[in-house]
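Residue strings, one per chain:
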Amino acid sequence: MQGFTTIDLIILIVYLAAVLFAGLFFSKKEMKGKEFFKGDGTIPWWVTSVSIFATLLSPISFLSLAGNSYAGTWIMWFAQLGMLVAIPITIKFFLPIYSKLDIDTAYHYLEIRFGSKGLRVLGAVMFIVYQVGRMSIIMYLPSMVLSKLTGLNVNLLIIAMGVIAIIYSYTGGLKSVLWTDFIQGSVLLVGVTFALFYLANGINGGFGAIFQTMGEGKFLAADQPIFNPNILKDSVFLLIVGAGLNTCSSYVSSQDIVQRFTTTTDMKKLNKMMLTNGALSIFIATVFYLIGTGLYVFYSQNALPPAAQQDQIFASYIAYELPVGITGLLLAAIYAASQSTLSTGLNSVATSWTLDIQERLSKKEMSFALQTKIAQYVSLGVGIVAILVSMVLANGEIKSAYEWFNGFMGLVLGVLGGTFALGTFTKVANAKGAYVAFFVAAVTMVCIKYMAPAGSVSIWSYSIISIAISLVVGIPVSMITRK
């Protein structure tokens, strides 16, 4: 058990410097207006696809997926299979519309479809609040884990992560963010896959022991049904469908993902992006769950390392069991997952604020140069705020704040997704119907989340309920208010 060595620290620093250099390299060309927000048309579809993958795979996933499998079963793995629901729906119904309309942001679609600037601004405000909170938590979590494993000051780690992401988000726009996401996503894929095979090699019985353990109750427990007639209760079916609609809501209504779709109007490229992203996401989730079960077997044969709580078990294994140098690279991959999400968040918030709010509320048309300057200042300001909030979380009591905001994040995109579904799947829906449906769905979901008895409604049913309410309320209100 050598832990985190000086060599690992050097590798971590070199890696972060390389990411910063790459971000600056791709930002050498001055980007203005549309190019800053949507790229310059030279970004390959496979780069964008890996960027979507890196954005969706936050460090919360990185740290918790293996921990879930280690401490429990594979029940949560079925949520990753929700991609099989989300991707066909997105490809069939939403991407053709986005491509045809050549939208600038996700909420631009709401303005076009419902003829309402207010709905566009409302959608953007909801997204920005959600994204700022998400960025703060995503900076905090891996920095705390790395701080415990490396001995480095947690505030220093948060500041380093934030400053690097701010620099290349500020200077290079979306093109810089996409290429650095591609690098970070590739490091993560290779590093985690290596960790799985190294882990299996250190287990008596190798992969055979892992699969045997899965067959002895570590895949699904007796009380985890394939289907539950009460669809508000957890089951394999609910996880696939509910998580699928959650992911679908993210694909179609979350600006950080939709922004990737705006880089091209070529449907073939868009479809390739979606399919490749889905394959990568299911692959890496499977790797994480195999690692979790592998760690369960490994630590039944060996002594537990220090700091071996559930969500830190994989990071602890990396620090104490992997070869010197590989440890630094894998811990850098955890950091990478955070930076990808952070840089994406900064750019998407800056884009949404500038195009959805500032330009909609401005009495004069803004030049491309002014749009770009505003977006740069917003990314800088939001980055600083996220760093400060993250440092407050790191030096205070995180548990209640984290649980509260994690619940809120699940609510926001489900309600937004319902509004997008109302616009896409019905012709009769109008702005009044969309407003009423939005607020009824929002109030209902807040009541379910914070007033319903604990455990009575699964979080995986939130998007199902939100979308259903949006359609059930929005359609009749629209019909009644038609002129």
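Rules used in this analysis
- Residues numbered from 1 in each chain as written.
- Predicted model: local features only at pLDDT ≥ 70, side-chain atom pairs only at ≥ 80, totals over all residues.
- Heavy atoms only, no water.
- Helix = DSSP H or I, 4+ residues; strand = E, 2+ residues; numbered from the N terminus.
- Rg over C-alpha atoms; globule rule 2.2 N^0.38 Å.
- Contact = heavy atoms within 4.5 Å.
- Areas by Shrake-Rupley, 256 points an atom, 1.4 Å probe, with all protein chains shown as cover.
- Lys, Arg positive; Asp, Glu negative; His and termini not counted.
- Charge placed at Lys NZ, Arg CZ, Asp CG, Glu CD.
- Core = buried A, V, L, I, M, F, W, Y, C linked by side-chain atoms within 4.5 Å.
- Buried < 20%, exposed > 50% of the residue type's maximum accessible area, 1.4 Å probe, protein only.
- Salt bridge = Lys/Arg side-chain N within 4 Å of Asp/Glu carboxyl O.
- Axes fitted to C-alpha atoms, helices over the stretch in contact; angles between N-to-C directions.
- Parallel < 35°, antiparallel > 145°, perpendicular 65-115°, else oblique.
- Nonpolar A, V, L, I, M, F, W, Y, C, P; charged D, E, K, R; others polar.
- Phe/Tyr/Trp six-rings, centres within 6.5 Å; stacked < 30°, edge-to-face > 60°.
- Lys NZ or Arg CZ within 6 Å of the ring centre and 35° of its normal.
- Patch = residues over 30% accessible without salt bridge, like charges linked within 9 Å, V, L, I, M, F, W, Y side chains within 5 Å.
- pLDDT = per-residue confidence, 0-100.
- Expected span 1.5 Å × (residues − 1).
- Arc of directions from axis to C-beta.

Student: Can you walk me through the overall build of the protein chain in this structure?
Tutor: The secondary structure content of the protein chain amounts to 19 helices and zero strands. In terms of C-alpha radius of gyration, the protein chain reaches 22 Å, essentially the compact-globule figure of 23 Å for 483 residues. Structurally, the protein chain occupies a C-alpha span of about 70 × 55 × 45 Å along its principal axes. Counting only contacts in the protein chain whose residues sit at least 6 apart along the sequence, the fraction spanning at least 24 positions is 84%. As displayed, the protein chain has an accessible area near 18,700 Å², and 68% of this comes from carbon and sulfur atoms. One finds the centroid of the 29 positive side-chain charges in the protein chain at a distance of 11 Å from the centroid of its 20 negative side-chain charges.

Student: Explain the nonpolar core to me, please; I cannot follow it from the model alone.
Tutor: As a rule of thumb, nonpolar side chains are buried together in soluble globular proteins. Ranked by internal contacts, the top residues of the largest apolar core, which has 151 residues, are Tyr98, Tyr251, Phe261, Ile291, Leu295 and Phe420. Of all the elements, helix H9 (residues 154-201) adds the most residues to this core, at 19 residues. Setting aside its immediate chain neighbours within four residues, Phe420 contacts Phe94, Tyr98, Ala106, Tyr107, Tyr109, Leu110, Val252 and Ser253.

Student: Is there a simple way to explain the pattern of salt bridges in this structure?
Tutor: Opposite charge on two side chains allows them to pair when their charged atoms are near. All chains considered together, the criterion is met by six salt bridges. Between Glu111 and Arg120 there is a salt bridge; the shortest N-O distance is 2.7 Å. On the basis of relative accessible area, Arg120 is assigned to the buried category, the value being 2%. One salt-bridge network, held together by shared partners, links Glu111, Arg120, Asp356, Glu359 and Arg360.

Student: When you look at the packing of helix H11 (residues 236-253) against helix H19 (residues 462-481) in this model, what are you seeing that I'm missing?
Tutor: Remark: H11 packs on H19, axes separated minimally by 7 Å, with the N-to-C direction vectors making an angle of 60°. Relative to H19, H11 is oriented oblique. Residues Leu238, Val241, Gly242, Leu245, Asn246 and Ser249 of H11 form the contact with H19, whose participating residues are Ser463, Ile464 and Ile467. The residue inventory of the contact of H11 with H19, partitioned by class, reads five nonpolar, four polar and no charged.

Student: Teacher, can you tell me more about the packing of aromatic side chains here?
Tutor: Aromatic rings considered in pairs are described by the distance between their centres and by the relative angle of their planes. Per the counting criterion, the structure on display carries 25 aromatic pairs. Note on Phe288 and Phe314: the rings are 6.2 Å apart at their centroids and 80° apart in plane angle, and the pair reads as edge-to-face. Here the residue Phe288 occupies a position in helix H13 (residues 267-301), and Phe314 occupies one in helix H14 (residues 313-321), the gap between them amounting to 26 residues. Between Phe438 and Phe439 the ring centres are 5.4 Å apart and the planes differ by 80°, which places this aromatic pair in the edge-to-face class. Owing to a relative accessible area of 44%, Phe439 belongs among the partly exposed residues under this scheme. Ring pairs connect the aromatic residues Phe93, Phe94, Tyr98, Tyr107, Tyr109, Phe127, Tyr130, Phe420 and Phe425, which therefore count as one cluster. Positioned over the ring face of Tyr296 is Lys218, at 4.1 Å from the centre of the ring.

Student: What should I look at first to understand a nonpolar patch on the surface in this one?
Tutor: Taken together, the side chains of Leu24, Ile159, Val163 and Ile167 make up a nonpolar region of the molecular surface, amounting to roughly 260 Å² of accessible area. Examined against the element boundaries, Ile159 turns out to sit in helix H9. Overall, Ile159 belongs to the partly exposed group, its relative accessible area being 34%.

Student: Sorry if this is basic, but what is going on with the environment of Arg134 here?
Tutor: Note that Arg134 resides in helix H8 (residues 117-150). For the pair Arg134 and Gly345, spaced 211 residues apart in sequence, the C-alpha to C-alpha distance is 8.6 Å.

Student: Before we go on, may I ask you to explain the confidence of the model for the protein chain in this structure?
Tutor: Close reading of the predicted structure is inappropriate where its pLDDT is low. Looking at the protein chain as a whole, the pLDDT averages 84, with 90% of positions reaching at least 70. Across the protein chain, the secondary-structure element scoring lowest on mean pLDDT is helix H2 (residues 34-38), at 60, and the one scoring highest is helix H7 (residues 106-114), at 94. Note that residues 399-403 has pLDDT below 50 and, in this model, four contacts with residues that lie over four places away or in other chains.

Student: Please clarify how unusual backbone geometry should be interpreted in this entry.
Tutor: The backbone of Asp102 sits at a positive phi, close to 50°, despite the residue not being glycine. Mapped onto the elements, Asp102 comes out in the loop between helix H6 (83-101) and H7.

Student: In this structure, what is going on with helix H1 (residues 6-25)? I would like to understand it.
Tutor: Note that an α-helix has 3.6 residues per turn; residues three or four places apart therefore point the same way. Taking 1.5 Å per residue, 20 residues should reach 28 Å; H1 reaches 28 Å between its end C-alpha atoms and fits that length. The complete set of buried residues in H1 reads Asp8, Leu12, Tyr15, Leu16, Val19, Ala22 and Gly23. Viewed along the axis of H1, the buried residues span an arc of 125°, placing them on a single side of the element. Among the exposed residues of H1, those oriented more than 90 degrees off its buried face are Thr6, Ile13, Val14 and Phe21.

Student: Looking at this model, I keep getting lost on helix H3 (residues 45-56). Mind explaining?
Tutor: For H3, with 12 residues, the first-to-last C-alpha span of 17 Å sits near the 16 Å given by 1.5 Å per residue. Of all 12 residues that make up H3, nine are buried, and the element is covered over most of its length. If you check which residues of H3 are buried, you get Val47, Thr48, Ser49, Val50, Ser51, Ile52, Phe53, Ala54 and Thr55.

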